[in-house]
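Examination of the molecular architecture
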Amino acid sequence: MMQRLKIWAATLKREVMTLWFACRDPRTPWYARVMTVLIVAYALSPIDLIPDFIPVLGYLDELILLPVGIYLVLKLMPEEALADARTKARSWVESRKPKPRNWIAAAVIVLVWEAVLWAAFLLIWPGFFLD
């Protein structure tokens, strides 16, 4: 069981790198590129939308959202672009280069959490600014 999970995780990592290369390919249609940028930005972001320390929900994005998003985006890719991207991703993973980080996506996630906290604050103390 543990070996299958390791293989699944390695495959997922390689597929994220495949999408990273595929979104730069000029043969990729614009709609697939937009979806790919969103999925890859989130996957490579050093900050999760749902923090991992939250029980059950913390790993929801890694276990369900990312694989489903990757699967859907892979279906939108042209086969030729996908084959080239898979070759590049395989060589990237085999060379053991660290995965790139997307700090813009991290900043967006931080802004989303700040907005959620601000809205919660206003719900808890609605008259705070009226005094």
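Residues numbered from 1 in each chain as written. Predicted model: local features only at pLDDT ≥ 70, side-chain atom pairs only at ≥ 80, totals over all residues. Heavy atoms only, no water.

1. Structural notes on the environment of Y31
Summarising the element assignment, Y31 is placed in helix α2 (residues 30-44). Residues Y31 and V73, 42 residues apart in the sequence, show an inter-C-alpha distance of 9.6 Å. (Helix = DSSP H or I, 4+ residues; strand = E, 2+ residues; numbered from the N terminus.)

2. With respect to the confidence of the model for the chain
Overall, the predicted model of the chain reaches an average pLDDT of 79, with 85% of residues at or above 70. Here helix α5 (residues 103-124) stands out as the least confident element of the chain, with mean pLDDT 78; helix α4 (residues 79-94) is the most confident, with 88. (pLDDT = per-residue confidence, 0-100.)

3. Notes on the environment of G58
Inspection of the secondary structure assignment puts G58 in the loop between α2 and α3 (60-76). Judged by its relative accessible area of 0%, G58 is buried. Apart from the residues within four sequence positions on either side, G58 is in contact with I50, P51 and D52. (Buried < 20%, exposed > 50% of the residue type's maximum accessible area, 1.4 Å probe, protein only. Contact = heavy atoms within 4.5 Å.)

4. Observations concerning the nonpolar core
Counting 23 residues, the largest nonpolar core has M17, L19, W20, F21, I39, I70 and M77 as the members making the most contacts within it. The leading source of residues in this core is helix α1 (residues 2-22), at seven residues. Not counting residues up to four positions away in its chain, the partners in contact with M77 are L19, A22, T28, A32, T36 and L82. (Core = buried A, V, L, I, M, F, W, Y, C linked by side-chain atoms within 4.5 Å.)

5. Observations regarding the pattern of salt bridges
In this structure the tally under the stated criterion is three salt bridges. Measuring nitrogen to oxygen at the nearest pair gives 2.4 Å for the salt bridge that ties D84 to R27. Here R27 lies in the loop between α1 and α2 and D84 lies in helix α4, a separation of 57 residues in the sequence. Note on R27: relative accessible area 38%, which makes it partly exposed. Connected via shared salt-bridge partners are D25, R27 and D84. (Salt bridge = Lys/Arg side-chain N within 4 Å of Asp/Glu carboxyl O.)

6. Focus: a nonpolar patch on the surface
A grouping of W8, L57, Y59, L60, L63, I64, L65, V68, Y71 and L72 is seen on the molecular surface, where their side chains present a nonpolar patch of about 980 Å² in accessible area. With seven residues, α3 is the single largest residue contributor to the nonpolar patch. In this structure, I64 sits in helix α3. (Patch = residues over 30% accessible without salt bridge, like charges linked within 9 Å, V, L, I, M, F, W, Y side chains within 5 Å. Areas by Shrake-Rupley, 256 points an atom, 1.4 Å probe, with all protein chains shown as cover.)

7. Brief notes about α4
Under the 1.5 Å per step criterion, the end-to-end length of α4 is 22 Å for 16 residues, consistent within 8% with the ideal 22 Å. What α4 keeps buried is the set A81, L82, A85, A89 and W92. Considered in projection along α4, the buried side chains sweep an arc of 90° and stay on one side of the axis. Away from the buried face of α4 by more than 90 degrees, exposed residues E79 and E94 are located. In the stretch just after α4, R96 is the one whose phi turns positive, near 60°. (Expected span 1.5 Å × (residues − 1). Arc of directions from axis to C-beta.)

8. Things to note about the packing of α2 against α3
Interaxial distance between α2 and α3 falls to 10 Å at its minimum, and their mutual angle equals 155°. Classified by the interaxial angle, the pair formed by α2 and α3 is roughly antiparallel. As α2 runs across α3, the sense of the crossing is left-handed. Here Y31, A32, M35, T36, I39, Y42 and A43 of α2 come into contact with α3, specifically with D61, L66, G69, I70, V73 and L76. (Axes fitted to C-alpha atoms, helices over the stretch in contact; angles between N-to-C directions. Parallel < 35°, antiparallel > 145°, perpendicular 65-115°, else oblique. Left-handed = near helix turned anticlockwise from the far one by under 90°.)

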